[in-house]
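Descriptive analysis of the structure
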Amino acid sequence: MLIGKFYFRMFMFDFDEILHHVPRLVRSQSFGDPDYPRNVYKALDLAYQIDQQRAIAMIIHILMILK
């Protein structure tokens, strides 16, 4: 799963506080729930609001994994 390690990426880029604001992210990821894409969007949006440069770096990191 691409972002199956989303939890670790949030810590890696120092956005772990977002996991408290989007608690469904990890569960929906783990169980493949239909709201997973929406939770990913919420988490990325919050990350971007907190620190645009770090959020962009994290998104680039995720996209490089897709390559």
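Residues numbered from 1 in each chain as written. Predicted model: local features only at pLDDT ≥ 70, side-chain atom pairs only at ≥ 80, totals over all residues. Heavy atoms only, no water.

For Asp-14, which is not a glycine, the phi torsion comes out positive at approximately 60°. Its location among the elements puts Asp-14 in the loop between helix H1 (6–12) and helix H2 (18–21). (Helix = DSSP H or I, 4+ residues; strand = E, 2+ residues; numbered from the N terminus.)

What follows is about a nonpolar patch on the surface. On the surface, Tyr-48, Ile-56, Ile-60 and Met-64 cluster together to form a nonpolar patch covering roughly 380 Å² of accessible area. Top contributing element to the nonpolar patch by residue count: helix H5 (residues 52–66), with three residues. The topology assignment puts Tyr-48 in helix H4 (residues 36–50). (Patch = residues over 30% accessible without salt bridge, like charges linked within 9 Å, V, L, I, M, F, W, Y side chains within 5 Å. Areas by Shrake-Rupley, 256 points an atom, 1.4 Å probe, with all protein chains shown as cover. Salt bridge = Lys/Arg side-chain N within 4 Å of Asp/Glu carboxyl O.)

Okay, the side chain of Asp-33 next. Relative to the elements of secondary structure, Asp-33 occurs in the loop between helix H3 (24–31) and H4. Residue contacts for Asp-33: discarding those within four places in its chain leaves Arg-24, Arg-27 and Ser-28. (Contact = heavy atoms within 4.5 Å.)

Our focus in this paragraph is the nonpolar core. Phe-6, Met-10, Phe-15, Ile-18, Leu-25 and Met-58 are the most contacted members of the largest nonpolar core, which has 15 residues in total. Top contributing element to this core by residue count: H4, with four residues. (Core = buried A, V, L, I, M, F, W, Y, C linked by side-chain atoms within 4.5 Å. Buried < 20%, exposed > 50% of the residue type's maximum accessible area, 1.4 Å probe, protein only.)

In this section: the pattern of salt bridges. The tally for this structure, following the rule as stated, stands at four salt bridges. Among the salt bridges present, the one from Arg-54 reaches Asp-14, with a minimum N-O distance of 3.8 Å. Highlighted residues: Arg-54 in helix H5 and Asp-14 in the loop between H1 and H2, separated in sequence by 40 residues. Judged by its relative accessible area of 24%, Arg-54 falls in the partly exposed class. Residue class for Asp-14 comes out partly exposed when judged on its relative accessible area of 48%. Taking the shortest distance from any N to any O, the salt bridge between Asp-51 and Arg-54 comes out at 3.2 Å. With relative accessibility at 25%, the residue Asp-51 sits in the partly exposed group. Salt bridges linked by common partners bring Asp-14, Asp-51 and Arg-54 together as one network.

So yeah, pure geometry; function would need other evidence.
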